[in-house]
Amino acid sequence: YIKQGTSLIWCPRSNLRLYGKTADISLLKGAMPLMLGTDSEITSQADFFGELRAAREMDVLTDLELLNLATKTPAEIFRWKKVGILAEGYRADMIVARMNDHDPWNAVFNLEPGFIELILIDGHPVVLSETVAKQLNLPLQGFSRLSVRGHLLYVKGPLAYLLRKWRDQNWLKE
């Protein structure tokens, strides 16, 4: 029995690490809205794309269903308006990355930080590679430089402040 209005946030890697098993998504996928999440750093690496890859390895959902767990369905669950899909009139929140595989689905599921070229939030760049910055001739005032696995990125905002703020809010202190 599933109560109306119930949704499930699925964190497969964390479930497997803690319990050695995870929810039977093949039974639940038609019964309730599902979205993908990350758990704490204690039980997983808190890497969203790692969770996405783990979910894909279970081979119970199509690639499109998996993508929807990360985009469209969370917007519907939280009743967010104008997000979750790429369409005219919707907020343009997206990641643009270099192809890392000939198969587009594999490219999505194998995405690593070093492949990221551009991140847009509401149509505005918040992360961009050196290559994209040069191609678009964007002014980099207000951006901080960050090297990710040898790949130079520019991050909107004062990076040292943002990292301190994140660390201060993180309950797992050094």
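Residues numbered from 1 in each chain as written. Predicted model: local features only at pLDDT ≥ 70, side-chain atom pairs only at ≥ 80, totals over all residues. Heavy atoms only, no water.

Caption draft 1: Representation of the packing of helix 3 (residues 48–57) against helix 4 (residues 63–70) in the model. Where helix 3 contacts helix 4, the two axes come as close as 10 Å, and the packing angle between them is 150 degrees. Judged by the angle between their axes, helix 3 and helix 4 are roughly antiparallel. Between helix 3 and helix 4 lies a crossing of right-handed hand. Across from Phe48, Leu52, Ala55 and Arg56 in helix 3, the residues of helix 4 making contact are Asp63, Leu66 and Ala70. Of the residues assigned to the contact of helix 3 with helix 4, the class counts are five nonpolar, no polar and two charged. (Axes fitted to C-alpha atoms, helices over the stretch in contact; angles between N-to-C directions. Helix = DSSP H or I, 4+ residues; strand = E, 2+ residues; numbered from the N terminus. Parallel < 35°, antiparallel > 145°, perpendicular 65-115°, else oblique. Left-handed = near helix turned anticlockwise from the far one by under 90°. Contact = heavy atoms within 4.5 Å. Nonpolar A, V, L, I, M, F, W, Y, C, P; charged D, E, K, R; others polar.)

Caption draft 2: How the structure looks around the pattern of salt bridges. In the structure shown here, the tally under the stated rule is seven salt bridges. Of the charged contacts, one joins Arg91 and Asp122 as a salt bridge, the two residues approaching to 3.7 Å between their closest N and O atoms. Taken together, the residues span a long stretch of sequence, with Arg91 in the loop between helix 5 (72–77) and strand 3 (94–97) and Asp122 in the loop between strand 4 (116–121) and strand 5 (124–129) at a distance of 31 residues. The closest approach of N and O atoms between Arg98 and Glu117, which form a salt bridge, is 2.6 Å. Of this pair, Arg98 sits in the loop between strand 3 and helix 6 (104–109) while Glu117 sits in strand 4, placing them 19 residues apart in sequence. The partly exposed category is assigned to Arg98, whose relative accessible area is 36%. For Glu117, a relative accessible area of 9% translates into the label buried. One network of salt bridges, with partners in common, ties together Arg91, Asp93 and Asp122. (Salt bridge = Lys/Arg side-chain N within 4 Å of Asp/Glu carboxyl O. Buried < 20%, exposed > 50% of the residue type's maximum accessible area, 1.4 Å probe, protein only.)

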